[in-house]
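Here is how the chains run, residue by residue.
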Amino acid sequence: MKKQLHLGILLYGCGHHQAAWMMPDSSIEQIGDVAYYQSLAQLSEKGLFDAVFFADNQSFPAQRDSEMPAFWLDPIVNLTAISQVTERVGLVSTISSTFSNPFTAARQLLSLDHVTNGRVGWNLVTSMTDWEANNHGMDGLPPHAERYKKADEFAHVMNALFDSWETDDFVPNRKDGTIIRSERIEPFHHEGEHFRVKGPSTTPRSPQGRPVAMQAGASAPGVALAAKYAEAVYSVSWNLKQAKAFRARLDEAIRASDRPNRTLKVLPGLVTYVAKTREEAWAKKRELDETLPVADALAQLEFFIQQDCSNWALDEKVPELPPVEEFTGPIGRYETVLEIIKDTDPTVRELLGYLSAGGGHLTLIGTPEEIVDEMERWLKEGVADGFNLMPPVLPNSLEDFVELIVPELQRRGIFRTAYEGHTFREHLGLDPIS
Ligand SMILES: Cc1cc2nc3c(=O)[nH]c(=O)nc-3n(C[C@H](O)[C@H](O)[C@H](O)COP(=O)(O)O)c2cc1C
């Protein structure tokens, strides 16, 4: 059997393109309605996705009037509602180790994993903004290194809570008058720099061993954290070169960890514009790019490349930029901008469009065959085990994906034609937790 591809989907407001909400038929009026997310999840399940996935941000969602509030509903509440109208698709919530209490987070995730008989995953992040920090009793976001130290302790405590007792220890015995074999359940008494948790959890072990641990964050400490705790990583790569470099960094971190032989799935973000012809696919992107509020997008670009772009003509090619060695600002994003320009030779407007949908994630535009060629290449090269789909427009781009791309993946024998297992761990083909 050919190596199988895995698919997650990020359900994000009206879609990942910043102009998605402005389209005449957009779903903007529905983003506070749980029925909308339930129907997107049902569509994802029809497409046999491994999981639906919510990113998160814990501050008032719109910092600008034109910004779509994509984080209206709490992810776990939303996933719980989704769990009641789906049967198989995995359910992944982003969890911030900077702001969450591990006892509450583990309790909610484990509860949902019991409710769904093992369909849950969690994506560990250390968060990004001071606005969020201000809602959690902090003056600002703690420094990067400190956030990652806390994340390490957080993940350790989460595993202790997930493993604290077995369902087998729940043996109600009316005759003896006992319910739980309490002699086998010990508190673990964690006392660390950031957390004090006596344990055990209120809930026994998950039907899938533990909820599946994912991680997103690409710095050196982020990758080290993934190597130590995660079973799958949500990564950002614009092209194969970046994906190879990321996979190599991750493999190196796994070799340096205390479990050097383990496997860790890599799922880069993927933005697709697909249609039966290449022209139609490009027209879908063009329509969105032309609707994009240019002032905001240009301001973002100016920040990424640290230069004034106000006199750039939107429909002309992007002027030449200095090489990365001469750049003094944040390198990662600048490198990606240079790679996008090298690979696509875009107009200024096209570049703004690439950055506004996914901002540097792999973006594929074309027919199903063209798109699947590239997805298959990443799979064969061993740089991706699948993708986290980031549809530019919801539900339209997801409908297109399910209708056009999923059958092509199946035709090539690299994607399931029916769910085989029940748990998210089984969908991903991960080892059982012993
Ligand atoms: C692909 C990807 C997705 C992320 N999703 C979220 C998210 O939903 N919420 C959040 O607060 N942070 C998110 N993060 C941010 C990271 O957790 C982290 O806080 C930030 O990127 C800094 O870490 P880094 O320097 O290791 O990349 C994401 C990062 C990446 C790379």
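Let us look at the structure shown here. Just so you know, these numbers come straight off a predicted model, no measurement behind them.

## A short note on unusual backbone geometry
1) Next: Of note, the bond from Gly199 into Pro200 is cis; its omega dihedral lies within 30 degrees of zero at -5°.
2) Next: Secondary-structure assignment places Pro200 in the loop between strand 8 (196–197) and strand 9 (212–215).
3) Next: Of the consecutive residues Leu394 and Pro395, the connecting peptide bond is found in the cis state with omega at 5°.
4) Next: Secondary-structure assignment places Pro395 in the loop between strand 13 (386–389) and helix 13 (396–411).
5) Next: Phi angles above zero are rare outside glycine, and Asp345 is one such case at about 45°.
6) Next: As for its position among the elements, Asp345 is in the loop between helix 10 (331–344) and helix 11 (348–356).
7) Next: On the basis of neighbour counts, which here come to 11 C-beta atoms within 10 Å, the residue Asp345 falls in the exposed class.

## Things to note about the environment of Asn123
1) Next: Mapping Asn123 onto the fold places it in strand 4 (residues 120–125).
2) Next: Distance from Asn123 to Gly332, taken between C-alpha atoms, is 22 Å for residues 209 residues apart in sequence.
3) Next: Those residues in contact with Asn123 that sit more than four places away from it in its chain are Phe53, Val92, Thr94, Ile95, Met214, Gln215, Ala216 and Tyr234.

## As for the site of the ligand
1) Next: In the vicinity of the ligand lie 17 residues, with Ala55, Val125, Gly217, Ser219 and Gly222 positioned nearest.
2) Next: By residue class, the composition of the shell around the ligand is seven nonpolar, nine polar and one charged.

## A closer look at helix 12 (residues 368–380)
1) Next: Between its first and last C-alpha atoms helix 12 spans 18 Å; for 13 residues at 1.5 Å apiece the expected length is 18 Å, and the two agree.
2) Next: Along helix 12, the residues that are buried comprise Pro368, Ile371, Val372, Met375, Trp378 and Leu379. An end-on view of helix 12 places all buried positions within 120° of arc, on one side of the element. Away from the buried face of helix 12 by more than 90 degrees, exposed residues Glu369 and Lys380 are located.
3) Next: Along its buried surface, helix 12 packs onto helix 7 (240–255), strand 11 (265–274), strand 12 (362–366), strand 13 and helix 13.

Cut-offs used in this document
- Residues numbered from 1 in each chain as written.
- Predicted model: local features only at pLDDT ≥ 70, side-chain atom pairs only at ≥ 80, totals over all residues.
- Helix = DSSP H or I, 4+ residues; strand = E, 2+ residues; numbered from the N terminus.
- Buried ≥ 20, exposed ≤ 12 C-beta atoms within 10 Å, placed from the backbone.
- Contact = placed C-beta atoms within 7 Å.
- Near = placed C-beta within 6 Å.
- Nonpolar A, V, L, I, M, F, W, Y, C, P; charged D, E, K, R; others polar.
- Expected span 1.5 Å × (residues − 1).
- Arc of directions from axis to C-beta.

As far as function goes, none of this settles anything; it's purely spatial.
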